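Take a look at the letters that make up each chain.
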Amino acid sequence: MTSYPDHFELVLPALQSKCSEFHYFQYDTFTEEDLWDFCIKKKWRKKDISNMHLYEMINDIMDMTASDFLAYHQVEALKKARWNDDSTLENIEHLLRPSPKKP
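Residues numbered from 1 in each chain as written. Predicted model: local features only at pLDDT ≥ 70, side-chain atom pairs only at ≥ 80, totals over all residues. Heavy atoms only, no water.

Caption draft 1: Spatial organisation of the nonpolar core. Judged by nonpolar contacts, the single largest core of 22 residues is most densely connected at Leu15, Leu35, Trp36, Trp44, Ile61 and Met64. Looking at this core, the elements with two or more residues in it are helix 1 (5–24), helix 2 (32–43), helix 3 (54–63) and helix 4 (66–80). Among the elements that line this core, the one with the most residues is helix 1, at 7 residues. (Core = buried A, V, L, I, M, F, W, Y, C linked by side-chain atoms within 4.5 Å. Buried < 20%, exposed > 50% of the residue type's maximum accessible area, 1.4 Å probe, protein only. Helix = DSSP H or I, 4+ residues; strand = E, 2+ residues; numbered from the N terminus.)

Caption draft 2: Layout of the packing of helix 2 against helix 4. Here helix 2 crosses helix 4 at 75°, and the two axes come no closer than 11 Å. Our classification of the angle between helix 2 and helix 4 gives roughly perpendicular. Between helix 2 and helix 4, the residues in contact are Asp34, Leu35, Phe38, Lys41 and Lys42 and Asp68, Phe69 and Tyr72, respectively. (Axes fitted to C-alpha atoms, helices over the stretch in contact; angles between N-to-C directions. Parallel < 35°, antiparallel > 145°, perpendicular 65-115°, else oblique. Contact = heavy atoms within 4.5 Å.)

Caption draft 3: How the structure looks around unusual backbone geometry. Positive phi, normally seen in glycine, also occurs at tyrosine 4, with a value near 55°. Along the chain, tyrosine 4 turns up in the segment before helix 1. In this structure tyrosine 4 comes out as partly exposed when scored by relative accessible area, which is 34%. In this structure, glutamine 26 takes a positive phi of about 70° despite not being glycine. Mapping glutamine 26 onto the fold places it in the loop between helix 1 and helix 2.

Everything listed here is a matter of coordinates, which is why it stays silent on function.
Right under this line is the structure:
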């Protein structure tokens, strides 16, 4: 379920357009809901969404780049990473282990 469903329905054509643009550039995993969540959580986090004008929302959606979207999701994934998980600790140890000396 999306936040602000009335606003979501209003800007859905812009979200679909942006989503198809990203799919054209082979970013196939993006959905309209993902783009909407990105706008709410990142672009508009300091704004009162219920008082935003439609043209502001459309402008922000159309100005969105795939790199902005990917960078945001990478940061969110790192925030949610389980650093105390055994497999994660093994991966970290492997990365930090010095490489064997060559003869």
